[in-house]
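Remarks on the overall topology
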Amino acid sequence: MATNRTFTMLKPDAVEKGHIGAILEKITASGFRIVAMKLTQMTTEDAKAFYAVHAERPFYGELVEYMTRGPIVAAILEKDNAVEDFRTLIGATNPADAAEGTIRKLYAASIGENAVHGSDSDENAAIEGAFHFAGREMF
Ligand code: IDP
Ligand code: MG
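These numbers were taken from a predicted model, which means no experiment stands behind them.

Cut-offs and rules
- Residues numbered from 1 in each chain as written.
- Chains lettered and ligands numbered in written order.
- Predicted model: local features only at pLDDT ≥ 70, side-chain atom pairs only at ≥ 80, totals over all residues.
- Heavy atoms only, no water.
- 1 Å grid on protein atoms, 1.4 Å probe; cavity = no way out; pocket = protein on both sides within 12 Å on 5 of 7 lines; lining within 4 Å.
- Points joined across faces, edges and corners; volume = space filled by probe spheres on them.
- Helix = DSSP H or I, 4+ residues; strand = E, 2+ residues; numbered from the N terminus.
- Nonpolar A, V, L, I, M, F, W, Y, C, P; charged D, E, K, R; others polar.
- Salt bridge = Lys/Arg side-chain N within 4 Å of Asp/Glu carboxyl O.
- Buried < 20%, exposed > 50% of the residue type's maximum accessible area, 1.4 Å probe, protein only.
- Phe/Tyr/Trp six-rings, centres within 6.5 Å; stacked < 30°, edge-to-face > 60°.
- Lys NZ or Arg CZ within 6 Å of the ring centre and 35° of its normal.

1. So, the layout of surface pockets
Size it by volume and the largest pocket reaches roughly 750 Å³. Every residue lining the largest pocket is counted, 26 residues in all, and those nearest its centre are Y51, H54, F59, L63 and H117. The set of elements that each furnish at least two residues to the lining of the largest pocket consists of α3 (44–50), α4 (60–68), β4 (116–118) and α7 (122–132). With four residues, the single largest contributor to the lining of the largest pocket is α7. Its residues assigned to classes, the lining of the largest pocket shows eleven nonpolar, seven polar and eight charged.

Right under this line is the structure:
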């Protein structure tokens, strides 16, 4: 069954550059309700587990280094058609290919340091949200 929640992270580059406020404004102005949110930092073990699906990819080590180098904002978001609509709002993985006005077009530096994460399915949204939040942290 389709759910109406997705999971996001504002990645270390976005936090370092001071873009938390601007990105959250864009997310809420686009109709997403914040269900859960926190500033946190992933350990190497966390990032390896979170991105285990990419373990065989050549960029895996670089991705784990990047995602653990500073704090992130983790959040669960609610909206009709949340997963698909949020992927549209963030734009393509590579900001060079991202549509005008998308978060990655506006704030991402490269395919690796691309400012924001968005779940790719309802199933992964639930898994990823539960990775970062206990039930009593979801509202
Ligand atoms: P997505 O975040 O748009 O779903 P995925 O293919 O799932 O993209 O890749 C996960 C993350 O891994 C990307 O957001 C990006 O940070 C990083 N990544 C993906 N492809 C590359 C690459 O070719 N070089 C370096 N990093 C990459
Ligand atoms: Mg992905």
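2. Observations regarding the pattern of salt bridges
Per the counting criterion, the structure on display carries seven salt bridges. A salt bridge links E78 to R5; the shortest N-O distance between them is 3.0 Å. A residue pair is termed long-range when its members are at least 10 positions apart, and E78 in strand β3 (residues 72–78) and R5 in strand β1 (residues 5–10) qualify at 73 residues. For E78, a relative accessible area of 19% gives the class buried. Notably, a salt bridge pairs R33 with E78, separated by 3.0 Å at the nearest N-O pair. You can see R33 sitting in strand β2 (residues 33–40) and its partner E78 sitting in strand β3, a full 45 residues away along the chain. By relative accessible area, R33 is classed as partly exposed at 38%. Each of R5, R33 and E78 takes part in salt bridges that share partners, so that together they form one network.

3. Some remarks on the packing of aromatic side chains
If you walk through the whole model with that rule in mind, you get four aromatic pairs. Note on F7 and F50: the rings are 6.0 Å apart at their centroids and 50° apart in plane angle, and the pair reads as tilted. With F7 in strand β1 and F50 in helix α3, the pair connects residues that are 43 residues apart, well separated along the chain. Comparing F7 with F50, the two get one shared label, buried. For the pair F50 and F131, a centre-to-centre distance of 5.6 Å together with 75° between the ring planes defines the contact as edge-to-face. Pair noted here: F50 is in helix α3 and F131 is in helix α7, with a separation of 81 residues, a long-range link. A cation sits over an aromatic face here: K79 above F32, 5.6 Å from the ring centre.

By themselves, these figures tell us nothing about what the structure is for.
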